[in-house]
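So the chains spell out like this:
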Amino acid sequence: VHAAVLWVALAACLDSSSSLCELIHLKAYERNGYGSYFMDALAAHLEALCDSLLILLLVSIGAGWTLPSDAVRTSAIQTNPATKVFGDLAHPLRSITQFTVAGLISWATIALHAILCQWGRTYNDDFESYHDLEHLPGKMLMLLRIVLGVLHLAVTMRTHLQCKVSQLQAFYKKWAVLGFIWFQSLPFLTWVCNSMVPFYLRNPFVFISSAVLQSSVIVLLAWLVTAQSKSSAYHQYSHMASP
């Protein structure tokens, strides 16, 4: 089993647990009129952690994580600061344990999602409003998604240009498109919500659309990194793949 599959599986477990906690909160809300603050908060933070892991997974694989040197051209001397950061992003476990720019980006991504999640709860204690664009932390979250989406696109296209194998080039095109859709779709959905959806339907619209989006992307990620998929050139060439 490839490490990326385990990473996706962990994100899927967090996403499912978030939905389960929210359902428990809603059932409690039907009984007592205020629900369970703990379960609602836990649902929001599990969703934030799931987002963080998906971001780091998309960026790490986009940067060439686990690809051998015979599949991707690498520079022996990384004098350019941007090249050094991109190279570090391809080694996520090493980056988060060492004091590097890539490590700071990784930890900042996780911390900012947790902070914005809890900050957003100060605007609405009854229902999780993590993806709510109507408050400042929600707007900051959308801006963060856009910025990290640009970073993902940059590192993925750089790896695409360095690939020596045509199958890997095709894979990284798909990875760039999938990542771009995931990063930019939530800001787009919230813009559509604020522009076209009646006020009383905005919360369920954002909640349902973001849940469907999250689940769909997790399924697509699993499809792209498993050996059973004919599209997974990444699994075939990665040095962490099973024989």
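Because the structure is predicted, anything quoted here is derived from the model rather than measured.

**Student:** For this particular structure, what's the right way to read the overall build of the protein chain?
**Tutor:** When helices and strands are counted, the protein chain shows nine helices and zero strands. Listed N to C, the secondary structure of the protein chain is α-α-α-α-α-α-α-α-α in terms of helices and strands. Looking at the 243 residues of the protein chain, the share that counts as buried comes to 49%. Put simply, of all contacts in the protein chain between residues at least 6 apart along the chain, 73% involve residues at least 24 apart. Accessible surface, the protein chain: about 12,200 Å² in total, of which carbon and sulfur atoms supply 70%.

**Student:** Just to check I follow, could you spell out the side chain of His 152 for this structure?
**Tutor:** For His 152, the position within the fold is in helix α6 (residues 136-162). Not counting residues within four places of it along the chain, the set of residues in contact with His 152 comprises Leu 58, Val 59, Trp 175, Ala 176, Gly 179, Phe 180 and Phe 183.

**Student:** It is not clear to me how the side chain of Ser 18 should be interpreted in this structure. Could you clarify?
**Tutor:** With respect to the element layout, Ser 18 can be found in helix α1 (residues 3-32). Residue Ser 18 is classed as buried on the basis of its relative accessible area, which comes to 7%. Not counting chain neighbours up to four residues away, the residues in contact with Ser 18 comprise Ala 43, Leu 46 and Glu 47.

**Student:** Please explain the nonpolar core as it appears in this structure.
**Tutor:** One recurring pattern in soluble globular proteins is that nonpolar side chains are buried together. In terms of nonpolar packing, the biggest core is built from 50 residues, with Ile 61, Leu 89, Tyr 172, Trp 175, Leu 221 and Tyr 234 touching the most fellow members. Contributing elements (two or more residues each) for this core: α1, α2 (37-62), α3 (81-89), α6, α7 (166-196), α8 (202-225) and α9 (233-237). It is α2 that provides the largest number of residues to this core, a total of twelve residues. When residues no more than four places from it in sequence are discounted, the contact partners of Tyr 234 are His 2, Ala 4, Ile 61, Trp 65, Thr 66, Leu 67, Leu 168, Phe 171, Tyr 172 and Val 225.

**Student:** How do you make sense of the environment of Val 8 when you look at a structure like this?
**Tutor:** Within the secondary structure, Val 8 sits in helix α1. Beyond its immediate chain neighbours, meaning those up to four positions away, Val 8 contacts Leu 57, Ile 218, Leu 221, Ala 222 and Val 225.

**Student:** What exactly am I supposed to notice about a nonpolar patch on the surface here?
**Tutor:** Together, Leu 153, Met 157, Val 177, Phe 180 and Ile 181 line one region of the surface with nonpolar side chains, adding up to about 410 Å² of accessible area. For the nonpolar patch, the secondary structure elements donating two or more residues are α6 and α7. At three residues, α7 tops the list of elements feeding residues into the nonpolar patch. Looking at the secondary structure, you find Met 157 in helix α6.

**Student:** Explain the packing of α1 against α8 to me, please; I cannot follow it from the model alone.
**Tutor:** If you want to describe how two helices pack, look at the angle between their axes and the distance between the axes. Contact geometry of α1 with α8 gives a least axis separation of 9 Å together with a crossing angle of 160°. On the basis of the axis angle, α1 is roughly antiparallel to α8. At the point where α1 passes α8, the crossing takes the left-handed sense. For the pair α1 and α8, the contacting residues are Ala 4, Val 5, Val 8, Ala 11, Ala 12, Asp 15 and Glu 22 in the first and Phe 207, Gln 214, Ser 215, Ile 218, Leu 221, Ala 222 and Val 225 in the second. Taken together, the residues of the contact of α1 with α8 break down into ten nonpolar, two polar and two charged.

**Student:** What am I meant to see in helix α5 (residues 101-121) here?
**Tutor:** Note on helix geometry: an α-helix contains 3.6 residues per turn, so any two residues three or four positions apart are oriented the same way. The end-to-end C-alpha distance of α5 is 30 Å, a good match for the 30 Å that 21 residues give at a rise of 1.5 Å each. Among all positions of α5, only Ala 102, Gly 103, Ser 106, Thr 109, His 113, Leu 116, Cys 117, Gly 120 and Arg 121 are buried. Packing partners of the buried residues in α5 comprise α2, α3, α4 (92-97) and α6.

**Student:** Sorry if this is basic, but what is going on with the pattern of salt bridges here?
**Tutor:** Note on pairing: side chains with opposite charge can pair once their charged atoms come close. Overall, the coordinates contain two salt bridges when judged by the stated rule. Here Arg 121 ties to Asp 40 by a salt bridge, and the two come within 3.0 Å at their closest N and O atoms. One end of the pair, Arg 121, is in helix α5; the other, Asp 40, is in helix α2, with 81 residues separating them in the sequence. Like Arg 121, the residue Asp 40 is buried in the burial classification. Across the pair Asp 51 and Arg 145 runs a salt bridge whose closest N-O atoms are separated by 3.8 Å. Here Asp 51, found in helix α2, pairs with Arg 145, found in helix α6; they are 94 residues apart in sequence, far enough to count as distant. No difference in accessibility class separates Asp 51 from Arg 145, as the two residues are buried.

Conventions used here
Residues numbered from 1 in each chain as written. Predicted model: local features only at pLDDT ≥ 70, side-chain atom pairs only at ≥ 80, totals over all residues. Heavy atoms only, no water. Helix = DSSP H or I, 4+ residues; strand = E, 2+ residues; numbered from the N terminus. Buried < 20%, exposed > 50% of the residue type's maximum accessible area, 1.4 Å probe, protein only. Contact = heavy atoms within 4.5 Å. Areas by Shrake-Rupley, 256 points an atom, 1.4 Å probe, with all protein chains shown as cover. Core = buried A, V, L, I, M, F, W, Y, C linked by side-chain atoms within 4.5 Å. Patch = residues over 30% accessible without salt bridge, like charges linked within 9 Å, V, L, I, M, F, W, Y side chains within 5 Å. Salt bridge = Lys/Arg side-chain N within 4 Å of Asp/Glu carboxyl O. Axes fitted to C-alpha atoms, helices over the stretch in contact; angles between N-to-C directions. Parallel < 35°, antiparallel > 145°, perpendicular 65-115°, else oblique. Left-handed = near helix turned anticlockwise from the far one by under 90°. Nonpolar A, V, L, I, M, F, W, Y, C, P; charged D, E, K, R; others polar. Expected span 1.5 Å × (residues − 1).

By themselves these figures say nothing about function.
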